[in-house]
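Architecture and fold: a report
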Amino acid sequence: MAIGLCLRVYLGMERSMIDLEDDGHQLADHLRDSMDAVWECLSDLERRSLNARFGEPQYFAGATGMLQIPTHVRRDIAVRNSVRSRFARAA
């Protein structure tokens with residue numbers, strides 16, 4: 001599946017929204033609301049691809065279900081998970 005402009009825009013907005021949400025920033029809700037207009041521009045195939053994703057959003061945000069998702073985890077998420085596991089072991 002070729003990635004069109006609207007899908008690239010949606011994925012970029014989604015990645016930003018998840019990052020803001022992870023940080024607890026209220027702008028995440030405003031960005032989520034503005035994503036609706038872009039969602040409506042997507043094809044049925046693009047929407048099905050996005051809806052086929054599962055798991056933790058911070059891992060798949062910014063990628064479609066039909067694309068190869070990289071096996072590496074984003075560095076900021078890997079660091080966050082590493083810190084959490086260290087705190088869990090210390091407790």
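Residues numbered from 1 in each chain as written. Predicted model: local features only at pLDDT ≥ 70, side-chain atom pairs only at ≥ 80, totals over all residues. Heavy atoms only, no water.

Considerations on the packing of helix H1 (residues 5-22) against helix H2 (residues 27-41)
It is the contact of H1 with H2, at a shortest axis distance of 9 Å, that shows an interaxial angle of 165 degrees. With respect to their mutual orientation, H1 and H2 come out roughly antiparallel. The way H1 lies across H2 gives a crossing that is left-handed. Note on element contacts: H2 touches H1 through Leu27, Ala28, Leu31, Arg32, Ser34, Met35, Val38, Trp39 and Cys41, opposite Cys6, Val9, Tyr10, Met13, Glu14, Ser16, Met17, Leu20 and Glu21. Grouping the amino acids of the contact of H1 with H2 by side-chain chemistry returns 13 nonpolar, two polar and three charged. (Axes fitted to C-alpha atoms, helices over the stretch in contact; angles between N-to-C directions. Helix = DSSP H or I, 4+ residues; strand = E, 2+ residues; numbered from the N terminus. Parallel < 35°, antiparallel > 145°, perpendicular 65-115°, else oblique. Left-handed = near helix turned anticlockwise from the far one by under 90°. Contact = heavy atoms within 4.5 Å. Nonpolar A, V, L, I, M, F, W, Y, C, P; charged D, E, K, R; others polar.)

Let's talk about the nonpolar core
Tyr10, Met17 and Leu50 are the most contacted members of the largest nonpolar core, which has 13 residues in total. In terms of residues, this core owes the most to one element, H1, which gives seven residues. (Core = buried A, V, L, I, M, F, W, Y, C linked by side-chain atoms within 4.5 Å. Buried < 20%, exposed > 50% of the residue type's maximum accessible area, 1.4 Å probe, protein only.)

Here's the deal with the confidence of the model for the protein chain
Across the protein chain, the average pLDDT comes to 76, with 58% of residues at or above 70. Of the regions scoring below 50 in pLDDT, residues 67-73 engages in six contacts with residues more than four places distant in sequence or in other chains. (pLDDT = per-residue confidence, 0-100.)

Notes on the packing of aromatic side chains
Inspection of every chain in the model, using the stated rule, returns one aromatic pair. With a centroid separation of 5.5 Å and an interplanar angle of 55 degrees, the aromatic rings of Tyr10 and Trp39 are classed as tilted. With Tyr10 in helix H1 and Trp39 in helix H2, this pair connects stretches of sequence that are 29 residues apart. A residue is classified by how much of its surface remains accessible, and Tyr10, at 11% relative accessible area, is buried. On the basis of relative accessible area, Trp39 is assigned to the partly exposed category, the value being 22%. (Phe/Tyr/Trp six-rings, centres within 6.5 Å; stacked < 30°, edge-to-face > 60°.)

Comments concerning the pattern of salt bridges
This model, assessed by the stated rule, comprises four salt bridges. Ionic pairing is found between Asp19 and Arg15, a salt bridge with its closest N-O pair at 3.0 Å. Here Asp19 and its partner Arg15 are both found in helix H1, four residues apart, which amounts to about one turn of the helix. Here Asp44 makes a salt bridge to Arg47, at a shortest N to O gap of 3.3 Å. Here the residue Asp44 and the residue Arg47 both occupy positions in helix H3 (residues 44-51), the gap between them amounting to three residues, near one helical turn. (Salt bridge = Lys/Arg side-chain N within 4 Å of Asp/Glu carboxyl O.)

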